[in-house]
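Here's the letter readout for the chains.
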Amino acid sequence: MGRGFDAGERHWEMSGASPWTTISEMELVAAVQALRSLPDRARVELHSDSEYLVHGMRVFVFHWLRHGWRNRRGNQLQHRELWSELIALNARQHIRWTWLKGHNGHREQTRADALAYQAARALWLRERAAA
């Protein structure tokens, strides 16, 4: 994790990889890990190009809670434990969930993509060397 200062505000970079997961799950895990690293009642503007994450927390989570963690098709929602933790973190912090169009030249989003690629490549190289 790197730390630095940007426009007078504290920021840090975190990345990781997991061999047996989906992009959707990793987007949720990334948000959980980032929010866990902050103190309670922190003011956060969380930017993500994941519509699943942002719209999930802004709109869909209320539907899922009312309907027993089922989606619109009536199927059991995947990653319930991650969504539950995001709801708890959302209650403890002041989070503004902001969606960014992916691959649109946004500096921080481009950096996040680079970190994700580096972490996935490093994992692939470790697994290849171990095989």
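Throughout, a residue's number is its position along its own chain's written sequence, starting from 1. Residues qualify for local features only when their pLDDT is at least 70, as the model is predicted, and side-chain atom pairs are given and counted only at 80 or more; totals for whole chains, interfaces and linings, by contrast, use all residues. To obtain the side-chain values, all non-hydrogen atoms of the structure were used and water was disregarded.

## A look at the pairing of strand 3 (residues 43-48)
Thinking step 1. Of the two faces of strand 3, the one lined by V44, L46 and S48 is fully buried and the one lined by R43, E45 and H47 carries no buried residue.
Thinking step 2. Pairing geometry for strand 3 and strand 4 (residues 94-99), over six bridges, is parallel. Bridge pairing links L46 to W97 in strand 4. A 1.4 Å probe rolled over the protein chains alone gives each residue an accessible area, and that area as a share of the maximum for its type sets the label: buried under 20%, exposed over 50%, partly exposed in between. Numbering of helices and strands starts at the N terminus; helices are DSSP runs of H or I of at least 4 residues and strands are runs of E of at least 2. The rule for pairing is simple: two strands pair if DSSP sees at least two bridges between them.

## Things to note about the packing of aromatic side chains
Thinking step 1. Think of it this way: a Phe, Tyr or Trp ring, Trp meaning its six-membered ring, pairs with another when their centres are within 6.5 Å, and the plane angle makes it stacked under 30 degrees, edge-to-face over 60, tilted otherwise. Going through the model one piece at a time under the given rule, you end up with three aromatic pairs.
Thinking step 2. For the pair Y52 and W83, a centre-to-centre distance of 5.2 Å together with 80° between the ring planes defines the contact as edge-to-face. Taken together, the positions of Y52 in helix 2 (residues 51-66) and W83 in helix 3 (residues 80-92) put the pair 31 residues apart, joining distant regions of the chain.
Thinking step 3. In this structure Y52 comes out as partly exposed when scored by relative accessible area, which is 27%.
Thinking step 4. Ring pairing ties together the aromatic residues Y52, F60, W64 and W83, which thus form one cluster.

## Describing the environment of R43
Thinking step 1. Relative to the assigned elements, R43 resides in strand 3.
Thinking step 2. R43 sits 51 residues away from H94 along the chain, and the two C-alpha atoms are 4.8 Å apart.

## A short note on unusual backbone geometry
Thinking step 1. With phi around 60°, W69 is a residue other than glycine that occupies positive phi space.
Thinking step 2. Relative to the helices and strands, W69 resides in the loop between helix 2 and helix 3.
Thinking step 3. Judged by its relative accessible area of 8%, W69 falls in the buried class.
Thinking step 4. In this structure, H103 takes a positive phi of about 55° despite not being glycine.
Thinking step 5. Position of H103 among the secondary structure elements: in the loop between strand 4 and helix 4 (107-130).

## Structural notes on helix 2
Residues that lie three or four places apart on an α-helix share one face, since the helix turns once every 3.6 residues.
Thinking step 1. Helix length check: helix 2, at 16 residues, gives a terminal C-alpha distance of 21 Å against a target of 22 Å (1.5 Å per residue), a fit within 8%.
Thinking step 2. A bend of about 65° at M57 is the largest found in helix 2.
Thinking step 3. Contact criterion: two residues are considered in contact whenever any of their non-hydrogen atoms come within 4.5 Å of each other. Of the surrounding elements, those touching the buried residues of helix 2 are helix 1 (23-36), strand 3, helix 3 and strand 4.
Thinking step 4. Among the residues trailing helix 2, G68 stands out with phi positive, at a value near 65°. In this analysis, the expected span of each helix is defined as 1.5 Å times one less than the number of residues it contains. Here the bend at each residue means the angle between axes fitted to two seven-residue stretches, the one ending at that residue and the one beginning there.

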